[in-house]
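Here are the chains, one letter per residue:
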Amino acid sequence: MKNNSNTNKFELCRFSVAPMLDWTDRHCRYFHRLLSSEALLYTEMVTTGAIIHGKGDFLKYSEEEHPIALQLGGSNAKDLAHCAKLAQERGYDEVNLNVGCPSDRVQNGRFGACLMAEPELVAECVAEMKSVVDIPVTVKTRIGIDDQDSYEFLTDFISTVSEKGGCEQFTIHARKAWLTGLSPKENREIPPLDYDRAYQIKRDFPNLVIAVNGGVKTLDESIEHLNHLDGVMIGREAYQNPYMLAEVDQKLFGSEAPIKKRSQVVEEMYPYIEQQLANGSYLGHITRHMIGLFQSMPGARQWRRYISENAHKPGAGIEVVEAALAKIPKELNV
Ligand SMILES: Cc1cc2nc3c(=O)[nH]c(=O)nc-3n(C[C@H](O)[C@H](O)[C@H](O)COP(=O)(O)O)c2cc1C
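Quick caveat, the model's predicted, so the values are computed rather than measured. (Residues numbered from 1 in each chain as written. Predicted model: local features only at pLDDT ≥ 70, side-chain atom pairs only at ≥ 80, totals over all residues.)

### Side note on the overall build of the protein chain
Let me state the cut-off plainly: The way it works is that DSSP assigns letters per residue, a run of H or I at least four long becomes a helix, a run of E at least two long becomes a strand, and they are numbered from the N terminus. Our radius of gyration looks at C-alpha atoms and nothing else; its globule reference is 2.2 Å times the residue count to the power 0.38. The exposure scheme places C-beta atoms from the backbone and then counts, for each residue, the other C-beta atoms within 10 Å of its own, assigning buried at 20 or more, exposed at 12 or fewer, and partly exposed in between. In this description, any two residues whose backbone-derived C-beta atoms lie within 7 Å of each other are considered to be in contact.
Secondary structure summary: the protein chain contains 14 helices and eight strands in total. Taking 20 Å as the expected radius of gyration for a compact globule of 334 residues, we find that the protein chain reaches 20 Å, a close match to that expectation. For the protein chain, the C-alpha atoms occupy an extent of roughly 55 × 45 × 45 Å along the three principal directions. Counting every position in the protein chain, which comprises 334 residues, the buried fraction comes to 44%. Within the protein chain, contacts between residues separated by at least 24 positions form 72% of all contacts whose residues are at least 6 apart in sequence.

Here it is as structure tokens:
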């Protein structure tokens with residue numbers, strides 16, 4: 001487990017796993033943490049409304065998940081500040097504002113990517129959050145929205161939010177978002193990636209900490225991006241092919257620890273799974289994040305299928321995971 005006490009507070013972003021609604025929940029993050037002790041892990045976006053008015057604890061996580069960043073969705077500066085303070089009190093290492101999500105639901109709430117058109121408001125929100133916390137307040141954004149996709153539009157956004165709001169760190173999803181006409185999924189695939197825009201931002205704002213996101217699939221690509229900027233965030237590939245995270249510490253952080261085998265990671269999940277089941281969690285809610293672990297290995301299909309068919313059954317326990325692991329040929333030693 002790590003926290004930010006000994007690290008420059010902005011060094012956390014060198015490599016991160018993206019916030020992904022319904023995917024990067026606390027079970028997923030615990031699993032990812034076993035694969036990399038260095039990667040910064042983002043929560044799913046949590047709206048200020050859910051935190052302030054919702055039933056249940058939306059800020060719950062396990063201590064092992066550090067370093068961990070809470071991503072907030074919202075545009076009311078007071079509410080965001082209130083939630084940022086709660087995040088700090090609960091021990092989060094960073095709080096991040098979502099200025100990248102294009103879904104209709106989010107636009108109706110006047111937050112997410114549509115906030116790119118309101119840099120003054122974003123600046124006000126960041127300033128208000130920063131006035132109540134010491135942890136970094138960061139912003140995740142796109143390179144543009146709709147027809148507002150010039151480099152000047154992006155620099156105007158970044159300069160307003162950094163100069164007036166005091167934001168020192170941005171993660172740039174290097175494609176624009178269409179606010180109408182495309183689904184959120186299409187908005188992650190159709191608008192073309194333009195990494196040069198993010199690199200240019202780093203050149204034009206050398207004092208800001210800039211991470212890039214979007215379409216990165218390998219650690220070698222990540223290393224190439226790190227030649228141009230401060231951090232890389234990976235979303236879908238890290239979720240669908242989680243074993244890519246197993247070499248993050250060695251390749252990106254200079255760790256000399258041995259790279260864990262997949263089977264070791266599964267076995268390291270057992271105590272957590274037992275504990276969560278004892279607390280009333282369902283096996284399937286935990287194992288659904290693990291099904292990509294053996295991607296492209298012999299036995300991967302059987303592993304996936306066994307878990308998918310059995311983990312949701314009433315009373316399913318650790319024996320399901322053990323049986324699924326037994327589908328992977330032992331002699332592979334993976
Ligand atoms: C299932 C899913 C849910 C997502 N939810 C969020 C979210 O809550 N907040 C956010 O800022 N981005 C969200 N994203 C976008 C990702 O954080 C990331 O910006 C995007 O997937 C591009 O990175 P990638 O190509 O590495 O996946 C989501 C993406 C996916 C696939």
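The structure having been displayed, the exposition proceeds.
### With respect to helix α5 (residues 119-130)
In plain terms, the rule: Multiplying one less than the number of residues by 1.5 Å gives the expected span of a helix. Directions drawn from the helix axis to the C-beta atoms are what define this arc.
In this model, α5 (12 residues) spans 16 Å end to end at C-alpha, consistent with the 16 Å of a helix rising 1.5 Å per residue. Looking at α5, one finds that the buried residues are P119, V122, A123, C125, V126 and M129. For α5, the angular spread of buried residues about the axis comes to 160 degrees, placing them on one side. The inward-facing, buried residues of α5 abut α3 (77-89), β4 (94-99), β5 (137-142) and α6 (151-163).

### A look at the UniProt feature "domain: DUS-like FMN-binding" (unreviewed entry) in the protein chain
Put simply, the test is: UniProt positions are given in the numbering used here, feature names are shortened, and annotations may be inferred rather than shown by experiment.
Mapped onto the present numbering, the UniProt feature "domain: DUS-like FMN-binding" (unreviewed entry) falls at residues 17-326. In residues 17-326, helix accounts for 42% and strand for 13%; the two terminal C-alpha atoms are 29 Å from one another.

### Description of the environment of G109
Its place among the elements puts G109 in the loop between α4 (104-108) and α5. Along the backbone, G109 and L154 are 45 residues apart, and their C-alpha atoms lie at a distance of 22 Å.

### What to know about the sheet that holds strand β6 (residues 169-173)
Test applied: In this analysis, strands are considered paired if DSSP registers two or more bridges between them. Convention adopted: a line fitted to C-alpha atoms gives each axis, helices being fitted over their contacting stretch, and angles between N-to-C directions are expressed from 0 to 180 degrees.
Reading around the circumference, β1-β2-β3-β4-β5-β6-β7-β8 is the order of the eight strands in this closed barrel, with parallel pairing throughout. Within the sheet, the average angular offset between the axes of one strand and its neighbour, ignoring direction, is 25 degrees. Packed on one face of the sheet, α5 meets β4 and β5 and runs near 155 degrees to β5.

### Details of the UniProt feature "binding site: FMN" (unreviewed entry) in the protein chain
Using the residue numbers shown here, the UniProt feature "binding site: FMN" (unreviewed entry) corresponds to P19, M20, L21, Q71, K140, H173, N213, G214, G215, G235 and R236. With respect to the secondary-structure elements, L21 resides in the loop between β1 (15-17) and α1 (26-35). When residues no more than four places from it in sequence are discounted, the contact partners of L21 are E44 and M45. With respect to the secondary-structure elements, G235 resides in the loop between β8 (231-234) and α9 (236-240). The exposure class of G235 is buried, given the 21 C-beta atoms found within 10 Å. Filtering out sequence-adjacent residues up to four positions away, G235 remains in contact with A18, M20 and N213.

### Details of the site of the ligand
Selection criterion: Whether a residue is near a molecule or strand depends on its C-beta atom, generated from backbone atoms, being within 6 Å of that molecule or strand. Here the nonpolar group is Ala, Val, Leu, Ile, Met, Phe, Trp, Tyr, Cys and Pro; Asp, Glu, Lys and Arg are the charged ones; every other residue, Gly included, is treated as polar.
As a structural note, the neighbourhood of the ligand is formed by 23 residues, with A18, M20, M45, G235 and R236 the closest of them. When contributions to the shell around the ligand are tallied by element, the ones reaching two or more residues are β2 (40-47) and α9. The class makeup of the residues in the shell around the ligand is nine nonpolar, eight polar and six charged.

### Notes on helix α14 (residues 318-325)
Those residues of α14 that fall on the buried side of the exposure criterion are V320, V321 and A324. Along the long axis of α14, the arc covered by the buried residues comes to 95 degrees, so they all point the same way. What points out from α14, more than 90 degrees from its buried face, is the exposed set E319 and E322.

### Some points on unusual backbone geometry
That bond from H66 to P67 is cis: its omega, -10 degrees, falls within 30 degrees of zero. Following the sequence through the fold, P67 ends up in the loop between α2 (48-53) and β3 (68-73). Look at N333: it is not a glycine, yet its phi comes out positive at around 55 degrees. With respect to the secondary-structure elements, N333 resides in the segment after α14.

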